[in-house]
Amino acid sequence: MKVSIIGTGYVGLVTGVCLAEKGHRVICVDVDQEKVDKINQAIPPIYEQGLEELLEKNINVNLRATTDLHKSVIETDISLIAVGTPFDGSEIDLTYIQEASHRIGKALQDKSTYHVVVVKSTVVPGTTDEVVLPILEEASGKKAGVEFGVGMNPEFLREGEAIQDFMFPDRIVLGGIDEKSINALEELYSVFDGVDKLRTNPKTAEMIKYTANSLLATMISFSNEIGNLCTALGGIDVVEVMQGVHLDKRLSPIMPNGDRIVPSFTTYLEAGCGFGGSCFPKDVKALIAHGEKVGRPMRLLDAVIQVNEQQPQQVLSLLKKHFPSLKGIRIAVLGLAFKPGTDDVRESPAIPIVKDLLAQEVEIRAYDPVAKYEAQRLFSNHEILYCDDLAQALQDVQAVVLLTRWEEFKRIPELLTHLDPQPLFIDGRRMLDKNSIARYDGIGL
Ligand code: UDX
Ligand code: UDX
């Protein structure tokens, strides 16, 4: 199929590159000329594992980028909207969605053949039907369901694994206002065999995305709350508690040969310093705000956010248990990205923790294998020593806090044994074996 993708951020670009790899003819559209130029030169504007290779392979074959939205819509059969949908503090900001819809509508005015417009960005339930569709009709002067189709197709891409998640999906949700719109989406995704495909209306498709993320966020805050209680009670380690819980055969089924299936779902049932990223905090808050708007407060999700916002404090409390005053103390902060495998620091728990440490006049040595530059931009006005390797960050510090589960951090116990005296180690993710480090403390211990 001929596909145009409007917005080539993280989601739009991954989608475009993967659909091209699957054999579709894709045009990536963005208002940002610099981004468009980079893509055309096969330089990914963002870091995502495997993206560069796929971009290089497909650019100028099945894929090209442009700023010309009008022409791209005319030349393709289906357009996917993947512009940003930030949370503005009180509700989800639909400005970019509205702009993109308007411009697509204007292009449809000049198009004689049937076209389908699909929302891929995460939007609150009702947005496709009540915001996008009317704008498209007004701008085009055409009737949805007659002269053009409308759909909603949420993404389920984890940062760092986005290419894998797109190429080997666990589900594909095909939301559409009518059979014809859903069929167009079905055709687009026919290149993915053997995957569960759910045909539904746009509003349900929108709700599926929010519900999926809210469930995972709830699991994390639940585990964190239990972890904090373990700490308060003393003599209980949340890691052991959760091991016991994970062994429930409904969470990790036992196969006939006695082996356990350990679903990755259980990795969301581990205590830590909180969730971050561009999705969980924003999506849960947007759903809460939307519930409020329709007179249905989301009390459980309110608590999920509250627990998460307080969770970074736990790291500070642990430090204070060992150092009554943090002033002048040298501390290594390991991991600035919101999770491993990405340079993304958006909503990273490391941000409030670093800010707090700075406020307490701590001397910070920060290390992250890839997020150094992003963090430097974020804390540009502050004095932080950024280290180029893990061993350097550990030199001469009195305490170490681990905030991201980078694979490389598995070397820490070994590196620490060479130091005398050994610094205090605070495990903000409960990543390392507590018995492998002399002075170990952590969340939920
Ligand atoms: C965004 C949303 O935030 C997320 O909720 C949704 O699921 C997918 O889209 P992301 O891809 O990370 O996620 O967004 P961002 O990196 O902000 O990229 C948006 C792109 O759209 C940018 O490249 C921007 O230049 C472009 N854009 C924005 C347009 O081309 N046209 C516009 O009118 C607005
Ligand atoms: C998430 C969803 O997983 C994905 O399906 C959706 O489309 C977009 O949002 P992502 O934000 O990339 O993906 O990250 P994910 O790997 O799910 O982790 C989110 C956050 O939760 C990270 O900050 C991570 O550190 C944190 N987390 C995860 C915990 O705090 N505890 C856990 O047990 C698991």
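Scroll up for the structure.
First things first, this report covers the structure right here in the doc.

Thresholds, definitions, all that
- Residues numbered from 1 in each chain as written.
- Chains lettered and ligands numbered in written order.
- Predicted model: local features only at pLDDT ≥ 70, side-chain atom pairs only at ≥ 80, totals over all residues.
- Heavy atoms only, no water.
- Helix = DSSP H or I, 4+ residues; strand = E, 2+ residues; numbered from the N terminus.
- Rg over C-alpha atoms; globule rule 2.2 N^0.38 Å.
- Buried < 20%, exposed > 50% of the residue type's maximum accessible area, 1.4 Å probe, protein only.
- Contact = heavy atoms within 4.5 Å.
- Areas by Shrake-Rupley, 256 points an atom, 1.4 Å probe, with all protein chains shown as cover.
- Near = heavy atom within 4 Å.
- Polar contact = N/O pair within 3.5 Å; in protein donor to acceptor, adjacent residues only side chain to side chain.
- Nonpolar A, V, L, I, M, F, W, Y, C, P; charged D, E, K, R; others polar.
- Pairing = 2+ DSSP bridges.
- Axes fitted to C-alpha atoms, helices over the stretch in contact; angles between N-to-C directions.
- 1 Å grid on protein atoms, 1.4 Å probe; cavity = no way out; pocket = protein on both sides within 12 Å on 5 of 7 lines; lining within 4 Å.
- Points joined across faces, edges and corners; volume = space filled by probe spheres on them.
- Salt bridge = Lys/Arg side-chain N within 4 Å of Asp/Glu carboxyl O.

A separate point is the overall build of the protein chain. Check the secondary structure of the protein chain and you find 16 helices and 14 strands. Taken against the 2.2 N^0.38 rule, which gives 22 Å for 445 residues, the C-alpha radius of gyration of the protein chain at 24 Å falls within 12% of a compact globule. Within the protein chain, the proportion of its 445 residues that are buried is 53%. The long-range share in the protein chain, meaning contacts at least 24 apart out of those at least 6 apart in sequence, stands at 71%. By element, 51% of the accessible surface of the protein chain is carried by carbon and sulfur atoms, the whole surface being about 20,100 Å².

A word on the site of ligand 1. Contacts to ligand 1 come from 18 residues, most closely from Asp30, Lys35, Thr85, Thr122 and Lys282. Tyr10 has a polar backbone atom sitting 3.0 Å from an oxygen atom of ligand 1. Measuring from an oxygen atom of ligand 1, one finds a side-chain N or O atom of Lys35 at 2.5 Å. Its free accessible area being 700 Å², ligand 1 has 84% of it covered by the protein chains. Listing elements by their share of the shell around ligand 1, those giving two or more residues are helix H1 (10-21) and helix H5 (95-109). Grouping the amino acids of the shell around ligand 1 by side-chain chemistry returns six nonpolar, seven polar and five charged.

This part takes up the sheet that holds strand E7 (residues 172-176). Strand order across the open sheet formed by eight strands is E3-E2-E1-E4-E5-E6-E7-E8, with mixed pairing between neighbours. Looking at strand neighbours, the two that pair on one side only are strand E3 (63-66) and strand E8 (197-200), the edges of this open sheet. Each adjacent strand pair in this sheet contributes to an overall mean axis angle of 20°, direction not counted. Bridge analysis of strand E1 (residues 2-6) against strand E2 (residues 25-29) gives five bridges, and the strand direction is parallel. When the bridges of E2 are listed, Ile6 appears paired with Val29. Contacts from helix H6 (residues 127-140) reach strand E4 (78-81), strand E5 (115-119) and strand E6 (148-152), with the element oriented near 155° to E6.

Neither face of strand E13 (residues 424-427) is open: one carries Leu424 and Ile426, the other Phe425 and Asp427, and all of them are buried. One ladder, built from four bridges, connects strand E12 (residues 399-402) with E13; its direction is parallel. Bridge pairing in E13 places Leu402 opposite Asp427. Direction of pairing for E13 relative to strand E14 (residues 440-442): parallel, over a ladder of three bridges. From the neighbouring strand, Asp427 faces E14, where its bridge partner is Gly442.

This paragraph deals with the layout of surface pockets. Of the voids in this model, the second largest pocket is the one considered here, and its volume is about 1,200 Å³. Gly9, Tyr10, Val83, Gly84 and Arg346 are the residues nearest the centre of the second largest pocket, which is lined by 45 residues in total. Where the lining of the second largest pocket is concerned, the elements lending two or more residues are H1, H5, helix H11 (280-293) and helix H14 (372-378).

Let us now look at the pattern of salt bridges. Scanning the entire structure with this criterion turns up 27 salt bridges. Beyond isolated ion pairs, a larger network of salt bridges with shared partners links Asp237, Glu240, Arg430 and Lys434.

Turning to its location among the elements, Gly9 is positioned in the loop between E1 and H1. Owing to a relative accessible area of 24%, Gly9 belongs among the partly exposed residues under this scheme. In the structure, Gly9 is positioned 415 residues away from Leu424 in sequence and 40 Å away in space, judged by C-alpha atoms. Once residues within four sequence positions are removed from consideration, Gly9 is found in contact with Asp30 and Lys35.

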